[in-house]
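Architecture and fold: a report
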Amino acid sequence: MKLWWSLVCVLLLSSLVIAVADEEELDPDLPLDTMLEDEVEAMVEEEDSAENEEEDGGVPGGEQPAADVSFQVTYKTPVPTGEVYFSETFDHGTLDRWVLSKTMKEDVDDEIAKYDGKWSVEQVKENKVPGDLGLVLKSRAKHHAIAVPMDKPFIFLDQPLVVQYEVNFQDGIDCGGAYIKLLTDTGSMDLEKFYDRTQYSIMFGPDKCGEDYKLHFIFQHLNPLNKDVEEKHAKRADVDLKKIYTDKKTHLYTLVLNPDNSYELLVDQSSVGRGSLLHDVIPPVNPAKEIDDPSDSKPQDWDERAKIPDPEAGKPDDWDEDAPAKIEDPDAVKPEGWLDDEPEFVSDPSAEKPEDWDQEMDGEWEAPQVPNPACETAPGCGLWKPPMVNNPQYKGKWKAPLVDNPNYQGVWSPRKVVNPDYFEDLQPFRMASFSALGLELWSMTSDIYFDNFIVTSHKEVADRWAADSWGLKKLVASANEPGVFAQLTMAAEERPWLWVVYILTVGLPVGLAVLFCWPKKSDDDYVYKKVDPPRPDNLEEEEEEEEEEEEEEEEEGEEGEEEEEEKGAKAKAPEGAETAGP
């Protein structure tokens, strides 16, 4: 038994040591490429600064490594490993390829109609990777619009479409979007006139306002009959997206659209939604074959009532509809000491009329009312009234009970007719081609960071691109992540009730460990005393009676023996006398 408890103690102590070791922060001297070698090929160098920067290419513009990075990494601008239609890293530090919009929004006030929001190319604020730059939306509460022509148009035929880019809400987000628009190839596109009504083929990316967290995937579909262009919205993401808007980390957004009309939305290379362009968009691509006949109307004698008042029922004679719902309590009695003649409130005797009181302008001055001090010790003042109680005779307005309607015909619906606007498009994937990428945004928060755009037909190309760019950001963010204890402390500062959970979580195992592992006394240390087993009270009474009876019998026996001895003594005395006489 002792051996078993010793093993339990050893296991508990071992578990505690392992937990503490797992909760330690990452060792900055640990080679991080061994932790993420499938995602990023980065060499972690233990020496500081300038010499390694010069040997490995350094940081553009002589920038120094960020203070919040506990190690130095070698960053190289990612290069697509396959065919792409567009890619952008911003690492050259300029917006030479990009075009700022110079037009104005329509149907809004002139003061806010201009696209005058500022853009900048700079490093991310936290978890910086030296040499890695991105596009930053700098203004709040302003309209922003910027676009760039692609290397070549994407034509929807038999190749998938893969669109990918990074976003970091560096200051969180109150209300605003970070989505992109793939602008339709019209043959004569002027990007300086890019605005909210510019035709696009696809809109994709995060958007948030209030507590509504969205990941948009919208495509424009051409109606083959009337040539109208309609927006089709993919169903909402399958997961809660709140964290990606609040954690101030760089997140990767990917759209995969296939020629078989299937699509998939990914955040940080994890699927958050998938579906079909034919079945999982609102409104649906193809309208219904049949619709309600607009000329049909419900007949006047059509009875849709499933239940009706019983026509044979009658109000009972004793049913009083005029009885009140509440009446005065007939059993109530006025408390003793109630002051009927004292008002509840009296004029404040200490109040004085203000010196600037103008009776003609302000009227006759009256002192403010205060509670009557005479009522403080009394159960009440003023006119006493019994409290109101429910009226047992109250029944309310009488209504006949409901019975099945013998004339019920069901719920009426118009007849169906062939939809004159019906069409069937089995290949909505083949939408209008696009030749430019643009950001047209309004945001109440500034410093939204964009980086590493890529448009391709090959998912593996986008994955490799992400490994060489976003993967390195993720690696640095993981290395700078606070330890588990620090995270728990920060969480408890925001939610103080977590301290109770922590105390119970730690205290319960410790208490159990003390309970089961504390050394017990040896059996030799105990002195055992024989104790009679407990008996029922009635049994004890019977035994006491028996003992008393036995004692009485013993006493009677002793008395009998004494009498016999006395008799024997008397009998022996005469004999002795007779013998001594002669």
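Residues numbered from 1 in each chain as written. Predicted model: local features only at pLDDT ≥ 70, side-chain atom pairs only at ≥ 80, totals over all residues. Heavy atoms only, no water.

Points about the nonpolar core
- Counting residues in hydrophobic clusters, the biggest one holds 65 residues, and the most contacted among them are Ile202 and Phe450.
- The leading source of residues in this core is strand S7 (residues 142-154), at six residues.
- Sequence-distant contacts of Phe450, defined by excluding residues within four places in its chain, comprise Phe90, Trp119, Gly134, Leu135, Leu137, Tyr165, Glu166, Val167, Ala178, Leu439 and Leu441.
- One finds Val73, Leu472, Leu475 and Val476 within the second-largest nonpolar core, a separate group that totals six residues. (Core = buried A, V, L, I, M, F, W, Y, C linked by side-chain atoms within 4.5 Å. Buried < 20%, exposed > 50% of the residue type's maximum accessible area, 1.4 Å probe, protein only. Helix = DSSP H or I, 4+ residues; strand = E, 2+ residues; numbered from the N terminus. Contact = heavy atoms within 4.5 Å.)

A word on the pattern of salt bridges
- Taken as a whole and judged by the stated rule, the model has 30 salt bridges.
- Its salt-bridge partner being Asp447, residue Lys125 comes within 2.9 Å of it at the nearest N-O pair. One end of the pair, Lys125, is in the loop between strand S5 (119-122) and strand S6 (134-137); the other, Asp447, is in the loop between strand S26 (434-443) and strand S27 (448-456), with 322 residues separating them in the sequence.
- Accessibility expressed as a relative area gives 8% for Asp447, which makes it buried.
- Between Asp451 and Lys473 there is a salt bridge, with its nearest N and O atoms 3.1 Å apart. Placement of the pair is Asp451 in strand S27 and Lys473 in helix H7 (residues 470-479), with a sequence separation of 22 residues.
- Salt bridges here are not isolated pairs; linked through shared partners, they connect Glu122, Lys125, Lys138, Asp171 and Asp447. (Salt bridge = Lys/Arg side-chain N within 4 Å of Asp/Glu carboxyl O.)

Overview of a negative patch on the surface
- On the surface, a cluster of negative charge is contributed by Glu544, Glu545, Glu546, Glu547, Glu548, Glu549, Glu550, Glu551, Glu552, Glu553, Glu554 and Glu555.
- Here Glu545 lies in helix H10 (residues 537-580). (Patch = residues over 30% accessible without salt bridge, like charges linked within 9 Å, V, L, I, M, F, W, Y side chains within 5 Å. Areas by Shrake-Rupley, 256 points an atom, 1.4 Å probe, with all protein chains shown as cover. Lys, Arg positive; Asp, Glu negative; His and termini not counted. Charge placed at Lys NZ, Arg CZ, Asp CG, Glu CD.)

Quick notes on unusual backbone geometry
- Following Ile282, the chain continues to Pro283 via a peptide bond in cis, the omega torsion being -10 degrees.
- You can see Pro283 is positioned in the loop between strand S17 (281-282) and strand S18 (290-292).
- In this structure, Lys227 takes a positive phi of about 65 degrees despite not being glycine.
- If you trace the backbone, Lys227 turns up in the loop between strand S12 (212-222) and strand S13 (229-234).
- Residue classification places Lys227 among the exposed residues on the basis of a relative accessible area of 53%.

Some remarks on H7
- When you tally the buried positions in H7, you get eight out of ten residues, the bulk of the element.
- Those residues of H7 that sit buried are Trp470, Gly471, Leu472, Lys473, Leu475, Val476, Ala477 and Ala479.

Some remarks on the state of the cysteines
- Inspection of every chain in the model, using the stated rule, returns two disulfides.
- Note that Cys175 is cross-linked by a disulfide to Cys209, the S-S spacing being 2.0 Å. Between Cys175 and Cys209 the disulfide shows an S-S torsion of about -95 degrees. By sign, it is left-handed. One end of the pair, Cys175, is in strand S9 (residues 175-177); the other, Cys209, is in strand S11 (residues 200-209), and 34 residues separate them in sequence.
- In this model, Cys375 is linked to Cys381 through a disulfide, with the two sulfur atoms separated by 1.8 Å. (Disulfide = S-S within 2.5 Å.)

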